[in-house]
Amino acid sequence: MAPRTDQTHPNRRLVILAGAHKTASSHLQHSLLASQDALSDVGVALIGPKNMRQDLTPFSQLLHDGMTPGIVQAGVAGFLDHYSGTADTVALMDENILGGTDRKMLMRKGRLYPWAPRRIARLLHLLDGQDVTLTIAVRNPATFLPSCWSESLHHRRHLDFKSFTQGFDAATDIWSALVDRILTAAPGTRLTLWRYEDYDALWPSLFDTLLKPAATPLITPDPQRRRTGLSAKAAAWFQAQPVQDKTTVHEARERFPKTGPQDAYIPWTDDELAALNAAYEKDITQLMARDDVTVLRPQDSGA
């Protein structure tokens, strides 16, 4: 499924910002959307999660249900024309492309984002004929999983952290394994990655790569970071409550706000933490050695 040039918009480039969850994806989206008008003046269009889920996801379901691909793709072309007009660069933003932070959507049978390869393959099939780059930010599982657990508490079933991660070995190459599965499901995909830990250092050169240099000076980082993981005190208080629901989560955040990394909930022993850190470093090294993946690092960008 190698990208081809679309004949209707031969110069249009699509960039899919697919998360992952809890890698400052909301911060990135809000920062871009706040500059939407200025970005449109330099040929950059933005399609945010709301419109992705409302208007594009149903096309994916139609394709899944067996509707003729050409008919579905015609609808997707209309979707792109409606939201991007004559823009030559279009950012499609939705971390839910990969899945979700609920345990079933995040971890199943030892796999991270178990449904992501199938979902991405369907999306890229919908966009066949377009020049597409898929982008994913990754994060050290030592902080990624506690933050995902904190986010999951705002949704459906409430599990303690141990139950949330039971049966999932995070001290492995979880991101490389995910990339392998994605590229197997959607061969020829152009994939760009960066580390969440490099996000601030990569700003603003990140947009030179993802969008275009003319866009970079127009984007101001959102001053607010939304729904960071629970603080250690908030997590302990929440898990001690007889009733654990959305109201309790919000109360925990208000009672014990997280003011910085020093307040973070760390549910690991020292040995577990060392193993997770070592596995993540190995994972990143493996990703950087791949010819079919571009990994953005601050030293490469001059940040």
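We now turn to the structure provided with this report. (Residues numbered from 1 in each chain as written. Predicted model: local features only at pLDDT ≥ 70, side-chain atom pairs only at ≥ 80, totals over all residues. Heavy atoms only, no water.)

## As for the environment of D198
What counts here: Numbering of helices and strands starts at the N terminus; helices are DSSP runs of H or I of at least 4 residues and strands are runs of E of at least 2. Throughout, a residue-residue contact means that at least one pair of heavy atoms, one from each residue, lies within 4.5 Å. Definition of a polar contact: a pair of N or O atoms within 3.5 Å, with one able to donate and the other able to accept a hydrogen when the atoms are protein atoms, and with sequence-neighbouring residues admitted only if both atoms are side-chain atoms.
Relative to the helices and strands, D198 is located in the loop between β7 (190-195) and α10 (199-202). D198 sits 77 residues away from A275 along the chain, and the two C-alpha atoms are 21 Å apart. Apart from the residues lying within four places of it in its own chain, the contact partners of D198 are L296, R297 and P298. Within polar-contact distance, the side chain of D198 engages the side chain of R297 at 2.9 Å.

## Re the pattern of salt bridges
As a reminder, the rule being used: For salt bridges, the criterion is a side-chain nitrogen of Lys or Arg within 4 Å of an Asp or Glu carboxyl oxygen. We call a residue buried when its accessible area falls under 20% of the maximum for its residue type, exposed when it is over 50%, and partly exposed in between, using a 1.4 Å probe and counting protein chains only.
Throughout the structure, instances matching the rule amount to 13 salt bridges. When the shortest N-O distance is used, the salt bridge between D200 and R225 registers 2.7 Å. Highlighted residues: D200 in helix α10 and R225 in the loop between α11 (205-210) and α12 (232-239), separated in sequence by 25 residues. On the accessibility criterion, D200 (54% relative accessible area) is exposed. According to the relative accessible area criterion, R225 is partly exposed, its value standing at 37%. Ionic pairing is found between R290 and D292, a salt bridge with its closest N-O pair at 2.9 Å. Residue classification places D292 among the partly exposed positions, given a relative accessible area of 38%.

## Describing helix α4 (residues 69-84)
This is how the line gets drawn: Given a helix with a known number of residues, its expected span is that number minus one, times 1.5 Å. Arc definition: it is the arc formed by the directions from the helix axis to the C-beta atoms.
In this model, α4 (16 residues) spans 22 Å end to end at C-alpha, consistent with the 22 Å of a helix rising 1.5 Å per residue. When α4 is considered as a whole, its buried residues turn out to be V72, V76, F79, L80 and S84. Projected onto a plane normal to the axis of α4, the buried residues spread over an arc of 100° and lie on a single side. Those residues of α4 that are exposed and aimed more than 90 degrees away from the buried face are I71 and H82. Where α4 is buried, its residues contact β1 (13-17), β2 (44-47), α3 (49-64), β3 (89-93) and α6 (116-126).

## A look at the environment of I71
Its location among the elements puts I71 in helix α4. The sequence separation of I71 and P58 amounts to 13 residues, and the corresponding C-alpha distance is 13 Å.

## Comments concerning the packing of aromatic side chains
Each aromatic ring pair is summarised here by two numbers: the centre-to-centre distance and the angle between the ring planes. Spelled out, the test is: Two aromatic rings, drawn from Phe, Tyr or Trp (for Trp, its six-membered ring), form a pair once their centres lie within 6.5 Å of each other, and the interplanar angle then sorts them: stacked below 30 degrees, edge-to-face above 60, tilted otherwise. For a Lys NZ or an Arg CZ to count as sitting over a ring, it must be within 6 Å of the ring centre and within 35 degrees of the ring normal.
Overall, the coordinates contain eight aromatic pairs when judged by the stated rule. With a centroid separation of 5.9 Å and 80° between ring planes, the pair formed by Y199 and W203 is classed as edge-to-face. An aromatic cluster is present here, built from W149, F161, Y265 and W268 joined pairwise through their rings. The cationic tip of R139 hangs over the ring face of Y196; the distance from NZ or CZ to the ring centre is 4.2 Å.

## Quick word on the sheet that holds strand β6 (residues 131-138)
Filter applied, for reference: If DSSP finds at least two bridges between two strands, the strands pair. Fitted lines through C-alpha atoms serve as axes, helices being fitted only where they are in contact, and the angles separating the N-to-C directions of these axes extend from 0 to 180 degrees.
Strand order in this open sheet of six strands is β2-β3-β1-β6-β7-β8, and the pairing throughout is parallel. A strand with exactly one partner marks an edge of an open sheet, and here the two such strands are β2 and β8 (293-296). Taken over all neighbouring pairs, the strand axes of this sheet differ in orientation by 20° on average, direction set aside. Judged from the five bridges that link them, β1 and β6 form a sheet pairing that is parallel. Pairing of L14 across the sheet is with V132, part of β6. Against the sheet, helix α1 (residues 25-33) engages β1, β2, β3 and β7, with an angle of about 140° to β3. Most of the contacts of α4 go to β2, to which it runs at about 115°, and overall it touches β1, β2 and β3.

## Let's talk about the nonpolar core
A general feature of soluble globular proteins is that nonpolar side chains tend to end up buried together. Keep this limit in mind: Throughout this description, the term nonpolar core refers to a set of buried Ala, Val, Leu, Ile, Met, Phe, Trp, Tyr and Cys residues connected via side-chain atoms within 4.5 Å.
By size, the foremost hydrophobic cluster in this structure holds 69 residues, and its most contacted members are I16, L92, Y113, I136 and W175. In contact with Y113, not counting residues within four places along its chain, are A20, H21, L98, G99, G100, M105, L106, F144, W175, L178 and R181. By size, the runner-up hydrophobic cluster in this structure holds 22 residues, among which are A137, W203, F207 and L211.

## Describing unusual backbone geometry
In this structure, the amide linkage connecting G19 to the following residue, A20, adopts the cis form with an omega of 5°. Checked against the element boundaries, A20 lands in the loop between β1 and α1. Between W203 and the following residue, P204, the backbone shows a cis peptide bond with an omega angle of 0°. When you line up the elements, P204 lands in the loop between α10 and α11. Despite not being glycine, K22 shows a phi value in the positive range, around 60°. Positive phi, normally seen in glycine, also occurs at A24, with a value near 70°. With respect to the helices, strands and loops of the structure, A24 is situated in the loop between β1 and α1.

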